[in-house]
Amino acid sequence: SQTIHQWPATLVQPVGSPLSLECTVEGTSNPNLYWYRQAAGRGLQLLFYSVGIGQISSEVPQNLSASRPQDRQFILSSKKLLLSDSGFYLCAWSVIGSEKLFFGSGTQLSVL
Amino acid sequence: EDQVTQSPEALRLQEGESSSLNCSYTVSGLRGLFWYRQDPGKGPEFLFTLYSAGEEKEKERLKATLTKKESFLHITAPKPEDSATYLCAASNSGGYQKVTFGTGTKLQVIP
């Protein structure tokens, strides 16, 4: 069966520090991969999606970047965090051609 | 621009008191309408996909229905373990699988 791992679960970082969140998927090949951010009172906002290794599309301009170094690995990064980067970050995957999303357990990021 | 609006924002029910959650959508060429359940501090968990008006899906005490403008999540005789935030999402017929999420309905079922 397919599983998705996302870590860490919580993270407190100072403004200006770097960020690296990692997500891996097991039990499937060539998944579509996604990074979402969820802010209180707002819907899930799509940040990045990837249809293959090295193929990254960004939905909104921001202080973050994403990379997909392996088929089932997706990384969210920042060189210098801003206060506005605080939020609940979710990794998700889907089968190619399907919009049915399977989410990880999320990372609560607090930038202080 | 695609939009998904959910109401109410919060709903408090007594155990056994049935009700419905609403999701209205404006999507250019609907491909699918999705319902997810999200527990506090967790990622959303998939519940249903609906593809065309008139379609219904059921799972235990939950039933999702779809019209051309909105979807309903009916909860029959809810139990405290049904307490969660329920998210609605819609995908369009664009070039890739773009999914727009609503802000959710936070359901609390009181024993």
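The text that follows walks through the structure, step by step, so that each part is easy to find. These numbers were taken from a predicted model, which means no experiment stands behind them.

## Looking at the sheet that holds strand β7 (residues 65-70) of chain A
Residue and element names in this part refer to chain A.
Next up, step 1: If you trace the four strands from one edge of the open sheet to the other, you get β1-β3-β8-β7, paired in antiparallel fashion. Since the sheet does not close on itself, it has two edges, and those belong to β1 (3-7) and β7, each with one partner. With strand direction ignored, the average angle separating the axes of adjacent strands in the sheet is 20 degrees.
Next up, step 2: Two strands pair when backbone bridges link them, and strand β3 (residues 19-26) and strand β8 (residues 73-78) are joined in this way by six bridges, in the antiparallel orientation. Opposite serine 20, over in β8, you have serine 77 as the bridge partner.

## A few points about the packing of aromatic side chains
Next up, step 1: Under the defined criterion, the tally for this structure stands at nine aromatic pairs over all chains.
Next up, step 2: Both rings, one in tyrosine 34 of chain A and one in tyrosine 36 of chain A, keep their centres 6.3 Å apart while their planes meet at 35 degrees; by these two values the pair is tilted.
Next up, step 3: With a centroid separation of 5.6 Å and 80 degrees between ring planes, the pair formed by tyrosine 36 of chain A and phenylalanine 101 of chain B is classed as edge-to-face. With tyrosine 36 of chain A in strand β4 (residues 32-38) and phenylalanine 101 of chain B in strand β10 (residues 99-101), the pair connects residues from two separate chains. Note on accessibility: tyrosine 36 of chain A and phenylalanine 101 of chain B belong to one class, buried.

Calculation criteria
Counting of residues starts from 1 at the beginning of each chain's written sequence and follows it residue by residue. Written order determines the labels here, with chains lettered from A and ligands numbered from 1. Only residues with pLDDT of at least 70 get local features here, since the model is predicted, and only at 80 or more are side-chain atom pairs given and counted; chain-wide, interface and lining totals rely on the full set of residues. Calculation of side-chain values draws on the structure's entire complement of heavy atoms; hydrogens and water are dropped beforehand. Strands pair, by our definition, only if DSSP identifies at least two bridges between them. Strands are runs of DSSP state E lasting at least two residues, helices are runs of H or I lasting at least four, and both sets are numbered from the N terminus onward. Structural elements are reduced to axes, namely lines fitted to C-alpha atoms, with helices fitted over the stretch in contact, and the angle between N-to-C directions of any two is expressed from 0 to 180 degrees. In this analysis, rings of Phe, Tyr and Trp, with Trp reduced to its six-membered ring, are considered paired at centre separations within 6.5 Å, and the interplanar angle assigns stacked below 30 degrees, edge-to-face beyond 60, and tilted for intermediate values. Three exposure classes are used, based on accessible area relative to the maximum for each residue type with a 1.4 Å probe and protein chains only: buried under 20%, partly exposed in between, and exposed over 50%.

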